[in-house]
Amino acid sequence: MAPHRRAVCALAALSAATFCYVTTEVLPIGLLTLIAPDLGRSRSEAGLLVTGYAVVVMIVALPLTRVTRRVPRRPLLAGALGVFAAATAVSAFATSYEVLLAARLVSAITNGVFWAVVFPVAISMFPANIRGRIVARLSIGNALGPVLGVPLGTWLGGQAGWRAAFVAMAIFGVVTCVAVALLLPSVAPHQRAGDIGPMPDRARFVVLLLATILAVTGAMGAFTYMTVFLLDVSGFAAASLGLLLFVQGSFGVAGTWAVGRVLDRFPLGVVLVLLGLLTAAMLSLSLVGASKVLTIPLLAVAGMSFSSLIAGIQHRVMQVAPSTTDMASASLSVAFNFGLAAGSLIGAGLLATAGVRVIPLFGGLLTAVAIALLAGHEISRERGRSHNSWSVRPTRGRDAEKPPATSVRT
């Protein structure tokens, strides 16, 4: 197989792997009402299958990435997928809540390593001038998880039991593991082009992580309770929720694909524009969410901008990574999971105290702060450069009129 064709096929396999991880991470949300009674637990305890997963990723992502830095990437990714498939199979046949939770936590451990490595490995297979496009193509798997994987898993669970959904994901994980093992080039970690960011900058990196936490907290707070908003505020019938969420997710997939065409030319601009669209959509939902006609396009814009934003932030993180892109990606995974957990927790508190209509308003305000943080940092840097450039220029006065002293080369 030609090298370029093999790289394209390997990219498709890695994108399928991201689909596996995203779908399996949030699958218990759709199967909550089936898992809880089958294992004799409350719905809140079943919800810990998702929360605990996110917490483990936050804890293990950075140390495991550091420990595995010298491991060749093909066996590392294939091994992570193999353990993921085995843990998912154990989840499918778990006889108790404790076994299911333990299997989920093992899967979460592999998640921390996988997300740290998968993007740097993907971009290392292609020329540096199309890194943004490759990040966007890989991110399509992420975007397909909520719009395709979770609804199909929930449907399968309703038809054949919740265990069938986990069996299906375990099988898909095995197939993806084999594909990655066969297609991914065998390259040592220190030979990869994606090891170091092209424009390392610690300050930009830290600001970007903070903006990510703000944006994900705001967006996930709103998206977690979007079905409640659509029912209680917009007045949609319960039967139409599946179609509405499909609209939101499908626009996310389309947006992720489209962003890849411009991400290499405008890496920061894309992030700021998408944050602006997300902010406008959520603030507008809080104002005009009672209108069905206006809610549908706003839902589409919110889905498109958030899914595309994840790809844009991932690309930007690897650009300004102050050390290796693996560690930068692991840091982004921690920031994202922190925002996910914080958003759902804050959203739950707002739902109980202020009502669901406040949640998108809160989310929009947080994303607006993220825009201000990113843009403000860049503006301050530009002003600093301008000040420094003026400070080194000679002042125009009496001394400026004197002929310059003769310089002597040494």
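Residues numbered from 1 in each chain as written. Predicted model: local features only at pLDDT ≥ 70, side-chain atom pairs only at ≥ 80, totals over all residues. Heavy atoms only, no water.

**Some points on the packing of helix α1 (residues 3–30) against helix α4 (residues 73–92)**
Thought 1: At their nearest, the axes of α1 and α4 sit 12 Å apart, and the two run at 35° to each other. For the pair α1 and α4, the crossing hand works out as left-handed. Where α1 approaches α4, its residues Arg-6, Leu-14, Ala-17, Cys-20, Tyr-21 and Thr-24 are matched on the opposing element by Arg-74, Leu-77, Ala-80, Leu-81, Phe-84 and Thr-88.
Thought 2: Within the contact of α1 with α4, the residues separate by chemical class into eight nonpolar, two polar and two charged. (Axes fitted to C-alpha atoms, helices over the stretch in contact; angles between N-to-C directions. Helix = DSSP H or I, 4+ residues; strand = E, 2+ residues; numbered from the N terminus. Left-handed = near helix turned anticlockwise from the far one by under 90°. Contact = heavy atoms within 4.5 Å. Nonpolar A, V, L, I, M, F, W, Y, C, P; charged D, E, K, R; others polar.)

**Some remarks on helix α6 (residues 131–160)**
Thought 1: With 30 residues, α6 should cover 44 Å at 1.5 Å per step; its first-to-last C-alpha distance of 42 Å lies within 8% of that length.
Thought 2: Just beyond α6, the residue with positive phi is Gly-161, at close to 100°. (Expected span 1.5 Å × (residues − 1).)

**Section: the environment of Leu-183**
Thought 1: Topologically, Leu-183 is positioned in helix α7 (residues 162–183).
Thought 2: The exposure class of Leu-183 is buried, given its relative accessible area of 18%.
Thought 3: Once the C-alpha coordinates of Leu-183 and Val-8 are considered, the two residues, 175 residues apart in sequence, prove to be 9.3 Å apart. (Buried < 20%, exposed > 50% of the residue type's maximum accessible area, 1.4 Å probe, protein only.)

**Quick notes on the packing of aromatic side chains**
Thought 1: Within the structure shown, the criterion is met by seven aromatic pairs.
Thought 2: In this structure an aromatic cluster arises from ring pairing among Tyr-21, Phe-84, Phe-114, Trp-115 and Phe-119. (Phe/Tyr/Trp six-rings, centres within 6.5 Å; stacked < 30°, edge-to-face > 60°.)

**Side note on the pattern of salt bridges**
Thought 1: Considering all chains together, one arrives at four salt bridges under this definition.
Thought 2: Of the charged contacts, one joins Arg-163 and Asp-38 as a salt bridge, the two residues approaching to 3.2 Å between their closest N and O atoms. Taken together, the positions of Arg-163 in helix α7 and Asp-38 in helix α2 (residues 32–38) put the pair 125 residues apart, joining distant regions of the chain.
Thought 3: Residue classification places Arg-163 among the partly exposed residues on the basis of a relative accessible area of 27%. (Salt bridge = Lys/Arg side-chain N within 4 Å of Asp/Glu carboxyl O.)

**A look at empty space enclosed by the protein**
Thought 1: Counted under the stated rule, the structure contains one cavity of 30 Å³ or more.
Thought 2: In this structure, the largest cavity spans a volume of roughly 70 Å³.
Thought 3: Looking at the lining of the largest cavity residue by residue, the class counts come to five nonpolar, one polar and three charged. (1 Å grid on protein atoms, 1.4 Å probe; cavity = no way out; pocket = protein on both sides within 12 Å on 5 of 7 lines; lining within 4 Å. Points joined across faces, edges and corners; volume = space filled by probe spheres on them.)

**A few points about a nonpolar patch on the surface**
Thought 1: Residues Leu-287, Val-288, Val-293 and Leu-294 make up a contiguous nonpolar surface patch of roughly 380 Å² in combined accessible area.
Thought 2: Secondary structure elements with two or more residues in the nonpolar patch: α11 (267–288) and α12 (292–320).
Thought 3: Its location among the elements puts Val-288 in helix α11. (Patch = residues over 30% accessible without salt bridge, like charges linked within 9 Å, V, L, I, M, F, W, Y side chains within 5 Å. Areas by Shrake-Rupley, 256 points an atom, 1.4 Å probe, with all protein chains shown as cover.)

**What about the side chain of His-377?**
Thought 1: Tracing the backbone through its elements, the reader meets His-377 in helix α14 (residues 358–391).
Thought 2: Judged by its relative accessible area of 17%, His-377 falls in the buried class.
Thought 3: Beyond its immediate sequence surroundings of up to four residues, His-377 is in contact with Ala-203, Arg-204, Val-207 and Ala-372.

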